[in-house]
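Close look at the chain arrangement
The chain contents come next:
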Amino acid sequence: MNDLGRLEDLPPDYVQALRDVNLVPLWPSLRGVLPPNIPTRQTRATHWPYQTLRPLLLKAGELTPIEKAERRVLVLANPGHGLEKMQASAAMYLGMQLLMPGEWAPSHRHTPNAVRMIVEGEGAYTTVDGEKCPMRRGDLILTPTGLWHEHGHDGTDPVIWLDVLDLPLVHYMEASYHVNGERQTILPGQGSTRYVRSGLLPSPVFQRSAKAYPMLRYPWQDARAALEAMARDDAGLAHLQVSYINPETGGDAENILGFYALMLRPGQTLRLPARSPAQVFHVIEGQVAATSAGSSFHMAEADTCCTPGYEAVTLTNLWASQPSFLFMADESPLHRKLGVYEDRG
Ligand SMILES: [Fe+2]
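Parameters and conventions
Residues numbered from 1 in each chain as written. Predicted model: local features only at pLDDT ≥ 70, side-chain atom pairs only at ≥ 80, totals over all residues. Heavy atoms only, no water. Helix = DSSP H or I, 4+ residues; strand = E, 2+ residues; numbered from the N terminus. Rg over C-alpha atoms; globule rule 2.2 N^0.38 Å. Buried < 20%, exposed > 50% of the residue type's maximum accessible area, 1.4 Å probe, protein only. Contact = heavy atoms within 4.5 Å. Areas by Shrake-Rupley, 256 points an atom, 1.4 Å probe, with all protein chains shown as cover. Lys, Arg positive; Asp, Glu negative; His and termini not counted. Charge placed at Lys NZ, Arg CZ, Asp CG, Glu CD. Pairing = 2+ DSSP bridges. Axes fitted to C-alpha atoms, helices over the stretch in contact; angles between N-to-C directions. Donors = N, O, S within 2.8 Å, 3.2 Å for Na, K, Ca; no water. Patch = residues over 30% accessible without salt bridge, like charges linked within 9 Å, V, L, I, M, F, W, Y side chains within 5 Å. Salt bridge = Lys/Arg side-chain N within 4 Å of Asp/Glu carboxyl O. Polar contact = N/O pair within 3.5 Å; in protein donor to acceptor, adjacent residues only side chain to side chain. 1 Å grid on protein atoms, 1.4 Å probe; cavity = no way out; pocket = protein on both sides within 12 Å on 5 of 7 lines; lining within 4 Å. Points joined across faces, edges and corners; volume = space filled by probe spheres on them. Nonpolar A, V, L, I, M, F, W, Y, C, P; charged D, E, K, R; others polar. Core = buried A, V, L, I, M, F, W, Y, C linked by side-chain atoms within 4.5 Å.

The next subject is the overall build of the protein. Secondary structure assignment for the protein yields 8 helices and 21 strands. At 22 Å, the protein has a C-alpha radius of gyration in line with the 20 Å of a compact globule built from 345 residues. Counting only C-alpha atoms, the protein reaches 70 × 50 × 50 Å along its principal axes. The proportion of buried residues among the 345 residues of the protein is 47%. Excluding contacts between residues fewer than 6 apart, the proportion of contacts in the protein whose partners are at least 24 apart in sequence is 75%. Accessible surface computed for the protein: about 17200 Å², of which carbon and sulfur atoms make up 54%. Taking the average place of the 30 positive charges on the side chains of the protein and the average place of its 37 negative ones, the gap between the two points comes to 3 Å.

Judged by pairing direction, the sheet is antiparallel, and its 5 strands sit side by side in the order E7-E6-E9-E4-E11 without closing on themselves. Since the sheet does not close on itself, it has two edges, and those belong to strand E7 (131-134) and strand E11 (178-180), each with one partner. Within this sheet the neighbouring strands show an average axis-to-axis angle of 30°, counted without direction. With 3 bridges connecting them, strand E4 (residues 104-110) and strand E9 (residues 149-153) associate as antiparallel partners. Opposite Ala105, over in E9, you have His151 as the bridge partner.

Only His108 (NE2), His110 (NE2) and His149 (NE2) from the protein coordinate the iron ion, and they sit 2.1 to 2.2 Å from it. Counting along the primary sequence, the residues that act as donors to the iron ion give the motif H-x1-H-x38-H. In this pair, His108 sits in strand E4 while His149 sits in strand E9, placing the two residues 41 residues apart along the sequence. Of the two residues, His108 and His149, both sit in the buried class.

Two strands pair when backbone bridges link them, and strand E15 (residues 269-275) and strand E20 (residues 311-317) are joined in this way by 5 bridges, in the antiparallel orientation. Bridge pairing in E20 places Leu272 opposite Val313. Relative to E20, strand E17 (residues 288-292) runs antiparallel, the two being bridged by 5 bridges. What sits directly across from Val288, in E20, is Asn317.

The next thing to look at is a nonpolar patch on the surface. Together, Leu4, Tyr14, Leu26, Trp27, Val33 and Leu34 make up an exposed nonpolar region whose accessible area comes to about 600 Å². With respect to the helices, strands and loops of the structure, Leu4 is situated in the segment before helix H1 (12-20).

Once that is clear, we can look at the side chain of Thr126. Considering the arrangement of structural elements, one finds Thr126 in strand E6 (residues 124-128). For Thr126, the side chain forms a polar contact with the side chain of His151, separated by 2.9 Å. Setting aside its immediate chain neighbours within four residues, Thr126 contacts Arg116, Glu131, Lys132, Cys133, Met135, Ile141, Thr143, His149, Glu150 and His151.

Right, let's talk about the layout of surface pockets for a bit. As a volume, the largest pocket reaches approximately 970 Å³. Lining the largest pocket we find 30 residues, and of these Thr40, Gln42, His81, Ala90 and Ala91 sit closest to its centre. Secondary-structure elements contributing two or more residues to the lining of the largest pocket are helix H2 (30-33), helix H5 (167-172) and helix H8 (332-338). The dominant element in the lining of the largest pocket, judged by the number of residues it contributes, is H5, at 5 residues. Within the lining of the largest pocket, the residues separate by chemical class into 17 nonpolar, 10 polar and 3 charged.

Within the fold, Thr64 resides in the loop between helix H3 (50-63) and helix H4 (66-69). Each C-alpha atom, one on Thr64 and one on Ala274, is 41 Å from the other, the two residues being 210 residues apart in sequence. Apart from the residues within four sequence positions on either side, Thr64 is in contact with Ala69 and Arg72.

Moving on, we get to the nonpolar core. In terms of nonpolar packing, the biggest core is built from 60 residues, with Met96, Leu140, Val164, Tyr244 and Phe259 touching the most fellow members. When residues in this core are grouped by element, the largest group, 5 residues, is from strand E10 (residues 159-165). Among all residues touching Val164, those that are not within four sequence positions of it are Tyr93, Leu94, Asn113, Ala114, Val115, Leu257, Phe259, Phe327 and Ala329. Membership of the second largest hydrophobic core comes to 17 residues, among which are Leu270, Leu272, Val283 and Met299.

Our focus in this paragraph is unusual backbone geometry. Residue Asn22 is not a glycine yet carries a positive backbone phi of 60°. Its place among the elements puts Asn22 in the loop between H1 and H2. Positive phi outside glycine occurs at Glu174, with the angle close to 55°. Relative to the helices and strands, Glu174 resides in the loop between H5 and E11. According to the relative accessible area criterion, Glu174 is exposed, its value standing at 76%.

A separate point is the pairing of E9. Counted residue by residue, E9 has 5 buried out of 5 residues, so it is predominantly covered. Across the two faces of E9 the burial is the same, with His149, His151 and His153 and Glu150 and Gly152 all buried. Pairing analysis gives 5 bridges linking E6 to E9, with the strands arranged antiparallel. Each bridged residue has a counterpart across the sheet, and for Thr126 the counterpart in E9 is His151.

Following this line, the structure appears as structure tokens:
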């Protein structure tokens, strides 16, 4: 490949003459923005052990009252992007959030889409668009773009959950903002029970739901049961995965990030292909070794890791006699919509 001319090769007064009228020569930076064969990725394979993070998050509960935090969160920041950027990958933000008994995180809505994966504790709930969503270990709760949401806690112990947002992308687009609101009125009904039977949808008076986000809570017991049914149904099936989808359309649950649950059989090693999106893995149950981009992590229960795009990921269940279960998030919906999605096998 040809070496392209450098900025230093040009006369300084010429470069300054360009700069004075807001012009820049492309060729010195061309390889930087269009590198050969594979993108330059700042996202670094990074592991956040829960047992390291948990005491620091509980300490935040002592140091900062909820009124001074609004959302009491420690951000899982990828050092490859710089910690101050508060991003796990190009499009994903991860935060571990703590709510103490009796605390209230007030109602707001914002343009970035969020989900929560509940990690620890009982008795908390998120109210989304008037629907009260109980928060239990492994449940996935959506707070899509523009929907009001607030968190309350009637239990006796701290509740902790993992937030996954497309904040870095929406912020990059200069489209990120929030609005504060009044405490929501809780409406009757729970969407998670409405869609509990696959292949069946509620259709009163022959009408299907017109809501953009008809299902807001995906209970872990249903996702786990679906994975176990897959494992029983086909003993030879290596890749046991379910996707969190919009049950009315069959499309992705949210517009920018994708969400999945994986089951690893006892002792199983599973290789996920090198695909363009960055990925996040969180252990719901079990012990998993994750290897990607030259890094290897021993993931205990409630640990979280992030891997860059265009790299294969190998997952090994370190439990020899029981399955392990993982929650996974990625940037697939975004990549597919933009036409840049690749699976390199
Ligand atoms: Fe929020």
